[in-house]
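Observations on the three-dimensional arrangement
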Amino acid sequence: MSLFQKTAITLARSPGIGRAMRGLAARTSLARRFVGGADIDQAVRTAVRLREAHGIRASLFYLGEYVADPAAIEHNVGQAIEAATALGQAGLDVHVSIDPTAIGYMRDDALGAGNARRIADRARQAAGGGRDWVVLDMEDSAIRDRTCALHRTLLAAGLPIGLTLQARRRRTPEDLAWAIGQRTSLRLVKGAFPERALDHPGRAAIDHAYLDSASIMLSPAARAAGFLPVFGTHDDRLAGAIMALARERGWAPDAFEFEMLYGVRPDWQLALRRLGYNVRVYLPFGADWWPYAIRRVGENPRNAWLLARSLASQ
Ligand code: FAD
């Protein structure tokens, strides 16, 4: 991890800076670039625009992570439920992403699992037989096993639940081997929580591991099980290799998805659409935009000018 990225993560975790930034004008250029709206209505309008203009789908994510206060947890759950309902009403796919640490896992696993079930139940109702997914984001390793256990429990209950796995972790192929036999959706990402003892060493090894996992996700066994592979990456080199592999294995372009973060490489999102691939954006909304947006700056130093412009405009 670069020094630049470490600094961004430190800034993201500082509650004082977070409070100060939240108090600034809600829509700085940094927030506008990476956040799809300050509330559900704006986020759904953004999702409708992307769908109508470009055929790009969205997964709504209410900003707020690592929350222990009961009222804040309930608020986060309510926002995810309302987002699912609003997507259904707008005639869009009902697709929301949730962080286990936002919905109760910081207090008590039973509370978190119960809340995830409430969100998934509502997503199912809101979709009314259309597409519906609630995808669990994967956070740091302290919550990994509990996130995987939650995925299995809700899947066994017949709920539309998907999971994110991080290619950087050496253990990921074991989790994949189970998941590809299920009617679930699995989003493969490189991973934003480096932990040296658990990870492949270095970028090249992580990219290599990403492609190994992609190959498992595009196996005949996965296709037979009705598994939906989702490749969460902005890396065009990896995407190119995945497209070639999918073609070779007989996967139709609309049988899997590429997913990217809202505001990141929009040119590449459109290029994939033109090639006939399903593209989804992870579309965060809400007022607590600072930790999320500053992490995006850390991922690409070229985004630092957005930060500078946002601060200068206050
Ligand atoms: P990189 O090698 O980092 O980037 C590839 C290319 O994209 C490079 O050209 C790079 O400059 C460009 N790029 C990447 N990020 C940016 C940016 N912010 N701004 C501008 N250009 C950029 N991580 C988790 O640990 N848990 C999760 O649950 C999780 N969910 C995610 C969901 C989605 C849909 C996506 C897309 C990512 C998610 N991530 C998650 C983050 C992920 O792990 C990576 O940190 C992030 O996607 C960057 O990796 P990359 O695959 O894009 O490759």
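Here the structure is shown first, and the text comes after it.
Attention in this report is confined to the structure presented alongside it. Note that this is a predicted model, so its numbers are computed, not measured.

**Things to note about the site of the ligand**
- Taken together, the neighbourhood of the ligand is formed by 26 residues, with Met138, Lys190, Gly191, Thr233 and His234 sitting nearest.
- A distance of 2.7 Å separates a nitrogen atom of the ligand from a polar backbone atom of methionine 138.
- Between the ligand and arginine 203 there is a distance of 2.8 Å, counted from an oxygen atom to a side-chain nitrogen or oxygen.
- In isolation the ligand exposes 930 Å². Once the protein is present, 87% of that is buried.
- Among the elements of the structure, β4 (161-166), β5 (185-189), β7 (257-261) and α13 (290-299) are those that each provide at least two residues to the shell around the ligand.
- With three residues, the single largest contributor to the shell around the ligand is β7.

**Comments concerning the packing of aromatic side chains**
- Applying the stated criterion across every chain yields a total of eight aromatic pairs.
- When the ring of phenylalanine 231 is compared with that of phenylalanine 256, the centres are 6.1 Å apart and the planes differ by 70°; the resulting orientation is edge-to-face. Linking phenylalanine 231 in strand β6 (residues 228-232) with phenylalanine 256 in the loop between α11 (236-248) and β7, this pair joins segments that are 25 residues apart in sequence.
- Here the aromatic residues Phe231, Phe256, Phe258 and Tyr277 are joined through ring pairs into a cluster of three or more.
- Cation over ring: arginine 152 sits above tryptophan 178, and NZ or CZ is 4.0 Å from the ring centre.
- Above the plane of the ring of tyrosine 292 lies arginine 296, whose end atom (NZ or CZ) is 4.5 Å from the centre.

The rules we used
- Residues numbered from 1 in each chain as written.
- Predicted model: local features only at pLDDT ≥ 70, side-chain atom pairs only at ≥ 80, totals over all residues.
- Heavy atoms only, no water.
- Near = heavy atom within 4 Å.
- Polar contact = N/O pair within 3.5 Å; in protein donor to acceptor, adjacent residues only side chain to side chain.
- Areas by Shrake-Rupley, 256 points an atom, 1.4 Å probe, with all protein chains shown as cover.
- Helix = DSSP H or I, 4+ residues; strand = E, 2+ residues; numbered from the N terminus.
- Phe/Tyr/Trp six-rings, centres within 6.5 Å; stacked < 30°, edge-to-face > 60°.
- Lys NZ or Arg CZ within 6 Å of the ring centre and 35° of its normal.

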